[in-house]
Structure formats: C-alpha cells, structure tokens
Amino acid sequence: YAKKAKNPLEKVKIIISQWVLHPIKRRLARVYLKFLQKVTDIKVIAITGSAGKTTTKEMIASILSLVGKTVWTPKSVDSVYNIPNTILKTPPSTKYLILEMSVEFPGEMGYYLWLAKPDIAVITNISETHTQHLKSVQGVANEKEKLILALSKNDTAVLNSENDYTKKIVKKIKAKVVWFGKNGD
C-alpha cells in the first residue's frame, strides 16, 4: 500500500500503521480475547471456505443476534487487519464473536489461530481458489483444515457434507462434527 501512496506523508502513515501499530494491535487483541474467554462465556465462531464465507457469517450473525450480543467481522476487509480490529471492538457483554478467516497464503491460518482459538469452526467448502500462493486445491485444503484441527474434543466443527475435501478432513478431527448439505445434520 505504501508504494501506491501519493505523497511522502501518506507513505509514512501507511508504513507506521503496518509496521508499528498493527503489530501492537494484534498482540493486544490476542491478550484481550484470551481474557474474555477466561472471564466471560463468549463463544468464538470461525468461518473459512473457498466461497460463501461472508454470506454464512452474515446469516449466523443474524440468527445469533436474536439470542445474545453478537459481534462479527465487517465485510470486505482483509482478515489480517479485520480480525484484530473486530476483537478489540468486542465489549465484555458479547456472547458470540464471529470471525471470517480468509486464507490466501501459507501460514495465514496459523496467524488467525494465534489470535483467536475458536469454540466452533465452519468450513463452507474447499475448491480451487487462491492457488497462486497455496499451489493447488490440496494446498488450499491443507491451510483451511488447520482451523478444524485446532479444535479440541469439547469444540464443534461444522462441515459441508457435499465437499470431498471436508469429508477427508473428518478422519483427523477431535471435535464434535456437524454436517450441513445433502444428508447433513
């Protein structure tokens, strides 16, 4: 972004934001969410997938908002910045925190999981997207499955019953699995 800046002051602001403020914000967000998870009954719901993440997030948020204070990541903002900002805007009264976790690069899911350990994780589907950096659909699957593999036996994985890749992941999961789609739960 700094290369696209039109004047030197704008360039400096962008560099400070990326290299000073964002690293501080993400560390604060991590500590704050761990605190909330320790002292409140907040449930963290993470959503990933090759398509349908935002729609799924918006539907879940709409439903959960009916039963408790719900905070979710806004649309169309890069997850790298969106997740820490959303966590930091989460009041202690929040019952549900919904985080959209879009991956494009290897290791990105690890960063998200460092920030926020979910109680419920959703994979909408896995298909041929973001293969420029993840190299193949299997590379996409390997990155996205990290979300599900991070769940403990007390957590819940929500998976697409019609996707070949999510069907393969289930063999590795410790968490309770809920299927959606044809023949879903």
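See above for the structure.
These notes cover the structure that comes with them. (Residues numbered from 1 in each chain as written. Predicted model: local features only at pLDDT ≥ 70, side-chain atom pairs only at ≥ 80, totals over all residues. Heavy atoms only, no water.)

Any two side chains of opposite charge can pair, so long as their charged atoms come close to each other. Tallied over the entire structure, the rule returns seven salt bridges. One salt bridge connects K95 with D41, and the closest N-O pair in it is separated by 2.9 Å. With K95 in the loop between helix 3 (79-88) and strand 3 (96-100) and D41 in the loop between helix 1 (8-39) and strand 1 (43-48), this residue pair connects regions lying 54 residues apart in the sequence. Look at K95 and you get partly exposed, because its relative accessible area is 28%. The partner of K57 in a salt bridge is E58, with the nearest N and O atoms 3.7 Å apart. Given a relative accessible area of 0%, K57 falls into the buried group. Accessibility expressed as a relative area gives 25% for E58, which makes it partly exposed. One salt-bridge network, in which partners are shared between bridges, spans K57, E58 and E100. (Salt bridge = Lys/Arg side-chain N within 4 Å of Asp/Glu carboxyl O. Helix = DSSP H or I, 4+ residues; strand = E, 2+ residues; numbered from the N terminus. Buried < 20%, exposed > 50% of the residue type's maximum accessible area, 1.4 Å probe, protein only.)

Let's shift gears to the pairing of strand 4 (residues 120-123). Inspection of the sheet shows strand 1 paired to strand 4 by four bridges, in the parallel sense. Within strand 4, the position partnered with T48 by the bridge is I123. Where strand 4 meets strand 5 (residues 156-160), four bridges bridge the pair, whose relative direction is parallel. By the bridge assignment for strand 5, I120 is matched with T156. (Pairing = 2+ DSSP bridges.)

Let us now look at the nonpolar core. Counting 34 residues, the largest nonpolar core has L97, M101, Y112 and I148 as the members making the most contacts within it. Every element with two or more residues in this core is listed here: helix 1, strand 1, helix 3, strand 3, helix 4 (108-115), strand 4, helix 6 (137-149) and strand 5. Those residues within four positions of L97 in sequence are excluded, and the remaining contacts are L33, I42, K43, V44, I45, V71, T86, I87 and T90. Core analysis: the second largest hydrophobic core is formed by eight residues, A61, L64, V122 and V158 among them. (Core = buried A, V, L, I, M, F, W, Y, C linked by side-chain atoms within 4.5 Å. Contact = heavy atoms within 4.5 Å.)

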